Amino acid sequence: MLPRPSYRPCSPWLVTLALLALTACQKPAPETPPPRPALVMQLGNAHGIDDGQWLTGEIRPRYESAQGFRIAGKIIQRHAEVGDHVRKGQLLARLDPEDNQLSLASAQAALRAAEAQLALAQADSKRQRQLFEQRFISAAALDSVETRLQSTSAQVQQAQAQVKVASNQAQYTSLLAERNGVVTMIDAEPGQVVNAGQVIARVAVPGDLEVQIPIPESRMHSLHTGDPASIRLWANRDQSYQGRIREIAPAADPATRTFRTQVTLLQPDDKVQIGMTAGVRLDDQQPGFMVPSTAVSQQHAQPQVWIVDANHQVHPAPVSIGSYSEQGVSITSGLKGDETIVVTGVHTLTKGQVVTPVNTEVNQ
């Protein structure tokens with residue numbers, strides 16, 4: 001029979017060492033990660049979408065006359081310079097009148113000859129009628145004399161018309177200003193031969209100024225005649241002028257596919273000169289908000305933004321997208337206007353995630 005083993009009680013320090021060994025083998029519990037920082041923006045109160053695009057145009061007068069001679073000829077005098085202020089009827093240039101005066105003299109001579117023939121035909125008709133009443137000539141002979149009288153009378157009327165035309169042609173040798181204004185262009189030098197209708201000078205009314213700009217098709221639905229606009233000169237960008245749309249072309253330009261639009265300056269000052277380059281910003285605001293394009297993501301083909309609540313938790317909110325521009329994306333519906341939204345890193349967010357909001361300045 002084997003002897004029974006004897007058991008000795010373990011010492012307390014051995015038990016302590018065993019517990020420490022077991023504790024060293026266990027992994028520490030993971031710490032909760034801090035909330036990730038997120039760039040956010042406050043929408044603020046409801047406002048309109050303004051894409052902020054400046055369209056470039058040129059300062060032009062609303063009323064400008066392109067003037068030229070009504071006949072061809074050789075210029076012998078010029079009486080105006082670019083920048084001169086002229087009054088209606090003032091002489092601008094003159095053609096050599098010699099040929100026109102000769103034409104007038106010829107027409108007047110032809111008229112005198114026709115009038116002499118008419119006087120002779122009238123006297124002959126009077127004598128022939130007396131002979132007819134005395135039964136000395138036939139009715140056929142009288143009809144021939146009366147016909148010659150009518151033909152001669154028509155020749156006189158034709159000659160009178162020729163004299164009037166020649167007289168007008170003689171007056172057309174002087175180019176007169178059609179309105180009060182300032183000469184913006186003149187192309188007339190003594191000795192220069194011009195054609196009828198060739199533009200010799202332009203006279204503009206300096207008080208009524210406007211900017212002609214091209215409008216893209218994407219903005220035509222929101223613009224109307226009479227809408228306000230802001231105008232700035234490239235030479236002085238610190239000052240802004242108020243404008244108003246006066247005219248929108250009913251058809252697009254076939255080359256540029258844009259609509260020509262005239263914007264009137266309401267109160268121009270002496271700094272605004274004809275020919276200056278100007279930028280026009282149309283105030284065609286639409287209900288909604290302008291947010292950075294990085295703030296918008298899509299879930300199942302539905303655009304959405306991430307809203308940060310009072311507990312700094314993010315939640316997706318479906319929205320409707322309007323137009324895209326350099327300033328961002330226009331949100332037309334889905335937001336109230338008092339929300340705080342995340343503007344970067346939206347593709348890595350999860351619903352209910354806690355973030356640390358970091359405000360950023362965004363041009364809206």
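Everything numeric here is computed off the predicted structure, so don't read it as measured data.

## Brief notes about the overall build of the protein chain
Across its full length, the protein chain carries three helices and 24 strands. Considering the protein chain as a whole, with its 364 residues, one finds that 34% of them fall into the buried category. A sequence separation of at least 24 residues applies to 75% of the contacts in the protein chain between residues at least 6 apart.

## Observations regarding the sheet that holds strand β8 (residues 174-176)
Overall, antiparallel pairing links the four strands, which are arranged β8-β7-β5-β10 in an open sheet. The outermost strands of the open sheet, each flanked by one partner alone, are β8 and β10 (193-194). In this sheet, strand β7 (residues 91-95) lies alongside strand β5 (residues 73-78) in antiparallel orientation, the contact comprising three bridges. By the bridge assignment for β7, I75 is matched with L95.

## Focus: the packing of aromatic side chains
Tallying each qualifying case throughout the model produces zero aromatic pairs. The cationic tip of R237 hangs over the ring face of W234; the distance from NZ or CZ to the ring centre is 5.3 Å.

## Considerations on the packing of helix α2 (residues 98-133) against helix α3 (residues 139-171)
Here α2 crosses α3 at 160 degrees, and the two axes come no closer than 8 Å. With respect to α3, the axis of α2 lies roughly antiparallel. The interaxial crossing formed by α2 with α3 has left-handed handedness. A class-by-class count of the residues in the contact of α2 with α3 yields 17 nonpolar, 14 polar and five charged.

## Concerning the confidence of the model for the protein chain
Confidence in the prediction for the protein chain averages 83 pLDDT; 84% of positions are at 70 or higher. Of all secondary-structure elements in the protein chain, the lowest mean pLDDT belongs to strand β2 (residues 47-49), at 50, while β7 reaches the highest, 94.

## Observations concerning the nonpolar core
Core analysis: the largest hydrophobic core is formed by 22 residues, its most contacted members being I59, V211, I213, I215, I231, V280 and L282. Secondary structure elements with two or more residues in this core: β3 (55-61), β12 (209-215), β13 (228-233), β14 (236-248), β15 (259-265) and β16 (277-282). Here the element with the most residues in this core is β12; it accounts for four residues. Membership of the second largest hydrophobic core comes to 17 residues, among which are I71, I75, L92 and I186.

## Re α3
Under the 1.5 Å per step criterion, the end-to-end length of α3 is 49 Å for 33 residues, consistent within 8% with the ideal 48 Å. Burial in α3 covers these residues: L142, V145, E146, L149, T152, V156, A159, V163 and A166. Those residues of α3 that are buried lie in contact with α2.

## A closer look at the sheet that holds β15
The strand order around the closed barrel built from six strands is β3-β12-β15-β14-β13-β16, with neighbouring strands paired in antiparallel fashion. Between one strand and the next, the sheet's axes are offset by a mean angle of 40 degrees, whatever the strand orientation. Bridge count for β13 against β16 is five bridges, and the pairing is antiparallel. Bridge pairing links R232 to G279 in β16.

## Details of the pattern of salt bridges
Within this structure, the stated rule accounts for 10 salt bridges. Salt-bridge contacts for R60 lead to E64; the nearest nitrogen and oxygen are separated by 3.0 Å. Judged by its relative accessible area of 28%, R60 is partly exposed. The salt bridge involving R257 is made with E217; its shortest N-O contact spans 3.8 Å. Taken together, the residues span a long stretch of sequence, with R257 in the loop between β14 and β15 and E217 in the loop between β12 and β13 at a distance of 40 residues. For R257, a relative accessible area of 44% gives the class partly exposed. Judged by relative accessible area, which is 47%, E217 ranks as partly exposed.

Rules used in this analysis
- Residues numbered from 1 in each chain as written.
- Predicted model: local features only at pLDDT ≥ 70, side-chain atom pairs only at ≥ 80, totals over all residues.
- Heavy atoms only, no water.
- Helix = DSSP H or I, 4+ residues; strand = E, 2+ residues; numbered from the N terminus.
- Buried < 20%, exposed > 50% of the residue type's maximum accessible area, 1.4 Å probe, protein only.
- Contact = heavy atoms within 4.5 Å.
- Pairing = 2+ DSSP bridges.
- Phe/Tyr/Trp six-rings, centres within 6.5 Å; stacked < 30°, edge-to-face > 60°.
- Lys NZ or Arg CZ within 6 Å of the ring centre and 35° of its normal.
- Axes fitted to C-alpha atoms, helices over the stretch in contact; angles between N-to-C directions.
- Parallel < 35°, antiparallel > 145°, perpendicular 65-115°, else oblique.
- Left-handed = near helix turned anticlockwise from the far one by under 90°.
- Nonpolar A, V, L, I, M, F, W, Y, C, P; charged D, E, K, R; others polar.
- pLDDT = per-residue confidence, 0-100.
- Core = buried A, V, L, I, M, F, W, Y, C linked by side-chain atoms within 4.5 Å.
- Expected span 1.5 Å × (residues − 1).
- Salt bridge = Lys/Arg side-chain N within 4 Å of Asp/Glu carboxyl O.

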